[in-house]
Amino acid sequence: MDSANDVAAQVITVVVADDQTIVREGLTTVLSLLPDIEVVGEACDGAEAVELVHRLAPDVVLMDLRMPILDGVAATAAISADHPGTAVLVLTTYADDESIAGALRAGARGYLTKDAGRREIATAIRSVAGGQATFAAEVGQRLVAALSPPDVVAPAVAELGLSARELDVLTLMAKGRNNSEIAEELFIGVSTVKSHINSLFAKLHVRDRPQAIAHAHRLGLS
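Going along each chain's sequence as written, the residues are numbered from 1 onward. Per-residue local features are limited, in this predicted model, to residues with pLDDT of at least 70; the limit for side-chain atom pairs, both in listing and counting, is 80 or more; totals at the level of whole chains, interfaces and linings are taken over all residues. Each side-chain value is derived from all of the structure's non-hydrogen atoms; neither hydrogens nor water enter the calculation.

**Describing the pairing of strand S4 (residues 87-92)**
Next up, step 1: Exposure is judged per residue with a 1.4 Å probe applied to protein chains only, and the accessible area is read against the type maximum: over 50% gives exposed, under 20% gives buried, and values in between give partly exposed. Labels follow the DSSP assignment, with helices taken as runs of H or I lasting at least four residues and strands as runs of E lasting at least two, numbered in each case from the N terminus. Counting buried positions along S4 yields six of six residues, so the element is predominantly enclosed.
Next up, step 2: Across the two faces of S4 the burial is the same, with Ala 87, Leu 89 and Leu 91 and Val 88, Val 90 and Thr 92 all buried.
Next up, step 3: Bridge count between strand S3 (residues 60-63) and S4: four bridges; the pairing is parallel. Within S4, the residue paired with Leu 62 across the bridge is Leu 89.
Next up, step 4: A crossover connection joins S3 to the parallel S4 through helix H4 (residues 72-82); in handedness this β-α-β unit is right-handed.
Next up, step 5: In this scheme, strands are said to pair when DSSP sees at least two bridges between them. As paired strands, S4 and strand S5 (residues 110-113) are joined by four bridges and run parallel to one another. The partner of Val 90 across the bridge, within S5, is Tyr 111.
Next up, step 6: By the criterion used throughout, a crossover qualifies as right-handed when its path from the first strand across the helix to the second strand runs clockwise, the strands pointing away from the viewer. Assessed by its sense of winding, the connection that carries the chain from S4 through helix H5 (residues 97-106) to S5 is right-handed.

Okay, structure coming up:
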């Protein structure tokens, strides 16, 4: 009985927001096949997404950007302000600088394009639900322009003072790996990964994961 309760406690609740019915229903169908993810609501526009979050308090909103009544960026901002416990994961056709920057500034914790497969979407949902940022590979390159000062010339890796392991961690971050995946690939503990990340944040003079990833792409680590 305890085991069943543990499984139930680990289920990630999700609201799917997309104005295209076939996309929305397709995502719901795909996600319903996963034992640790439950779609608790569907929204056809940003206003409905905000209302569903207010009523259902899901762990994650899978958010399209271009929707009627209230677009995804405005809906993300409203959700981030009023319901910080709900993570917004953008899933959109658009990967231009303006769309990415707007979504991240509004508070999105992750950004995928609709080229993403079921496994990538599921992994991203788990990551943002766990408090980690996650981005599609193609979005990483755009982060440089969206989040980094244009007049900063990145120093050589050696000049940053990163250890070999910190460089490994930064490289995997730039490839979109979350902390658990980095730990698995490097055969180290998650707590050790977090320690390396805190150290490289200090050495790179950045505050968060997106800024560190931007530096990584400037250094050609992706």
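**Some points on helix H3 (residues 46-56)**
Next up, step 1: Here H3 has its buried residues at Gly 46, Ala 49, Val 50, Leu 52 and Val 53. The arc enclosing the buried residues of H3, seen along the axis, measures out at 165°, which places them on a common side. Exposed and facing more than 90 degrees away from the buried side of H3 are His 54 and Arg 55.
Next up, step 2: In what follows, a contact means two residues having at least one pair of non-hydrogen atoms within 4.5 Å. In this structure, the buried residues of H3 make contact with strand S1 (12-17), strand S2 (37-43), S3 and H4.
Next up, step 3: Backbone geometry just downstream of H3 places Ala 57 in the positive-phi region, at approximately 50°. Comment: arc refers to directions from the helix axis out to C-beta atoms.

**So, the sheet that holds S5**
Next up, step 1: Read from one edge of the open sheet, six strands run S2-S1-S3-S4-S5-S6, paired in parallel fashion. The sheet is open, and its two borders are formed by S2 and strand S6 (134-135), each paired with just one other strand.
Next up, step 2: Of the strands in this sheet, S1, S2, S3, S4, S5 and S6 are in contact with helix H6 (residues 118-129), which crosses S4 at around 155°. To obtain each axis, a line is fitted to C-alpha atoms, and for helices this fit is confined to the stretch in contact; angles are then taken between N-to-C directions over 0 to 180 degrees.

**Describing the pattern of salt bridges**
Next up, step 1: In what follows, salt bridge is the name for a side-chain nitrogen of Lys or Arg lying within 4 Å of a carboxyl oxygen of Asp or Glu. One pass over the full model with this rule turns up seven salt bridges.
Next up, step 2: Taking the shortest distance from any N to any O, the salt bridge between Arg 24 and Glu 42 comes out at 3.3 Å. Here Glu 42 lies in strand S2 and Arg 24 lies in helix H2 (residues 21-31), a separation of 18 residues in the sequence.
Next up, step 3: What makes Arg 24 buried here is its relative accessible area of 10%.
Next up, step 4: Among the charged side chains, a network of salt bridges with common partners joins Asp 18, Asp 64 and Lys 114.

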